[in-house]
Amino acid sequence: MKIIIFDDDPTGSQTVYGCPLLLNWDEQTLEKAFTKSSSLIFILANTRSLSSVLAVKKTREICSSIKKFFLRQGYSKDDYFYISRGDSTLRGHGVLEPEILAEELGPFHATFHIPAFLEGGRITENGIHYLNGIPVHNTDFGRDKIFGFSTSDLAKWIEEKSFGKIQAETILHIEIKQLDMAFNNEDSFKSLLNFLSQLENNISVVVDAKLPHHLEILVRAIKEISNEKRFLFRTAASFISSLSGLPPNPKDTADLVSLKSRNNEFKYKPGLIMVGSHVKLASDQLEVLLKDNSCEGLEIPVSKLAEIFTLEDCKHAIFELENILLSKIDEILDIKKVPVLYTSREEMQFSSYAKRMNFGLELAEFMAILVRKITNKLGYIISKGGITTQILLQKGLNFKQVDLKGQILPGLSIVTSNSDQYNLPVVTFPGNLGDEKTLLESFRLMESNS
């Protein structure tokens with residue numbers, strides 16, 4: 001059974017490999033994806049970069065395309081698992097998107113909320129979601145200017161994000177103790193099956209998970225009951241890995257690094273690093289990276305760009321700034337260093353949430369188009385930040401689909417395209433992943449055989 005994942009940014013495939021990531025959902029692209037042997041199809045909806053109104057519109061648009069495709073091909077929507085993949089730090093439209101999917105692709109008997117990303121230190125215990133042992137609402141992610149929240153209790157979080165439409169006391173909870181017992185005892189596993197069999201009316205269910213076997217035993221039960229029950233999932237990446245049941249990737253890190261493009265002399269071309277994410281961790285990682293003498297930083301002045309975007313005729317000013325930055329990138333490449341293209345770190349103030357979101361998209365598009373003009377000189381790109389990466393793949397490189405090859409580090413995927421225009425691997429680096437040295441580590445890995 002294929003698993004269709006609606007991914008709210010391009011980093012949700014960070015635990016799997018060998019599957020297509022779709023940036024377009026026309027019939028031809030869908031047909032290519034459905035004929036691949038992989039059980040996984042990721043649709044990069046990028047809704048985390050959108051307002052709630054636009055996220056709903058985009059989700060309905062994708063569902064409409066899928067339903068029309070199914071109708072023409074004679075497929076049934078009931079024959080697939082559907083996952084709304086969201087951020088393991090709870091940012092994004094975490095309740096709204098599953099609601100729309102239920103309206104478009106339902107009915108479902110239950111929606112499971114499983115935000116644990118075990119590889120990244122995000123676990124759920126007693127219904128509370130943690131990041132490295134800290135309740136996630138007490139971290140910088142809980143204080144996010146756009147998607148912030150006041151509680152790490154997932155039932156209360158669902159109530160908060162649904163504006164009271166889903167009451168916390170109506171939400172069911174699968175506890176670690178229940179999963180441990182089901183894993184170790186066949187009678188307890190049958191009790192878990194019985195619990196699942198009684199779910200009705202798309203009830204919300206919060207799932208604890210601290211260790212891989214917690215997800216594995218839940219998956220075993222879900223698959224066993226899938227002929228009689230239809231479930232929807234809002235999850236982070238770890239559950240996707242468990243549901244797919246993929247064996248370990250036969251490609252190791254050296255194989256993945258060697259995907260870099262080469263020049264006419266068969267030597268690896270230089271890389272480029274983009275940092276668009278503005279979470280504190282990304283800024284800390286950038287600071288550590290720029291201390292490496294193999295890199296040279298190049299700042300994109302965000303406040304200056306904001307002024308340019310407000311001009312009635314801004315094209316000439318954008319073109320001038322592009323030329324200045326392109327010239328500086330060439331200078332960095334000429335001295336055999338890797339350019340690090342990053343947005344200035346100051347926090348911009350906007351009069352509305354919509355204007356803030358729109359500026360973020362304009363900024364990402366500026367970076368993507370800038371990089372597109374020098375792709376023939378590059379051997380690889382490390383792209384830091386979900387929105388930055390999505391816009392790079394979609395509008396910078398004009399890809400309709402990319403293939404996920406695997407991870408160079410836990411949670412850090414490398415993707416390529418079969419495009420005739422580019423043979424350029426891209427490392428998709430979530431804004432919230434790793435510690436302060438992870439960006440530097442990924443750079444050194446990508447340069448390890450140069």
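Our subject is the structure listed above.
Now for a look at the structure at hand. (Residues numbered from 1 in each chain as written. Predicted model: local features only at pLDDT ≥ 70, side-chain atom pairs only at ≥ 80, totals over all residues. Heavy atoms only, no water.)

**Quick notes on the side chain of N46**
Piece 1. Examined against the element boundaries, N46 turns out to sit in the loop between β3 (40-44) and α2 (52-73).
Piece 2. Owing to a relative accessible area of 4%, N46 belongs among the buried residues under this scheme.
Piece 3. With near-sequence residues (within four places) excluded, N46 lies in contact with D7, D8, D9, G386, I387, Q390 and I391. (Helix = DSSP H or I, 4+ residues; strand = E, 2+ residues; numbered from the N terminus. Buried < 20%, exposed > 50% of the residue type's maximum accessible area, 1.4 Å probe, protein only. Contact = heavy atoms within 4.5 Å.)

**Some words on the sheet that holds strand β8 (residues 134-135)**
Piece 1. Spatially, three strands are ordered β6-β7-β8 in an open sheet, and the strand pairing comes out antiparallel. Both edges of this open sheet fall to β6 (122-125) and β8, since each of them pairs with a single strand only.
Piece 2. With two bridges connecting them, strand β7 (residues 128-131) and β8 associate as antiparallel partners. In the sheet register, Y130 faces β8, and the bridge partner there is P135. (Pairing = 2+ DSSP bridges.)

**Some words on the pattern of salt bridges**
Piece 1. One pass over the structure, following the stated rule, counts 27 salt bridges.
Piece 2. Between K229 and E200 there is a salt bridge, and its shortest N-O distance comes to 2.8 Å. With a gap of 29 residues between them, K229 in the loop between α7 (212-224) and β11 (231-235) and E200 in the loop between α6 (186-197) and β10 (203-207) connect regions that are remote in the sequence.
Piece 3. Residue classification places E200 among the partly exposed positions, given a relative accessible area of 41%.
Piece 4. In this structure, K280 engages D284 in a salt bridge whose closest nitrogen and oxygen atoms are separated by 2.9 Å. Taken together, the residues K280 and D284, both in helix α10 (residues 280-289) and four residues apart, mark about one turn of the helix.
Piece 5. For D284, a relative accessible area of 24% corresponds to the partly exposed category.
Piece 6. Ionic contacts of the salt-bridge type, sharing partners, join the residues D7, D8, D9, R48, R85, E97 and R234 into one network. (Salt bridge = Lys/Arg side-chain N within 4 Å of Asp/Glu carboxyl O.)

**Section: the pairing of β6**
The side chains of a regular strand alternate between both faces of the sheet.
Piece 1. In this sheet, β7 lies alongside β6 in antiparallel orientation, the contact comprising four bridges. Within the sheet, the bridge partner assigned to E125 lies in β7 and is I128.
Piece 2. Hairpin connection from β6 to β7: two residues lie between these consecutive antiparallel strands, with N126 at a positive phi of about 55°.

**A short note on helix α11 (residues 302-310)**
Piece 1. Turning to α11, its buried residues are V302, L305, A306, I308 and F309. For α11, the buried positions fall inside an angular range of 160° around the axis, keeping them on one side. Of the exposed residues in α11, the ones pointing more than 90 degrees away from its buried face are E307 and T310.
Piece 2. Along its buried surface, α11 packs onto β13 (295-300), α12 (315-334), β14 (338-343) and α13 (353-372). (Arc of directions from axis to C-beta.)

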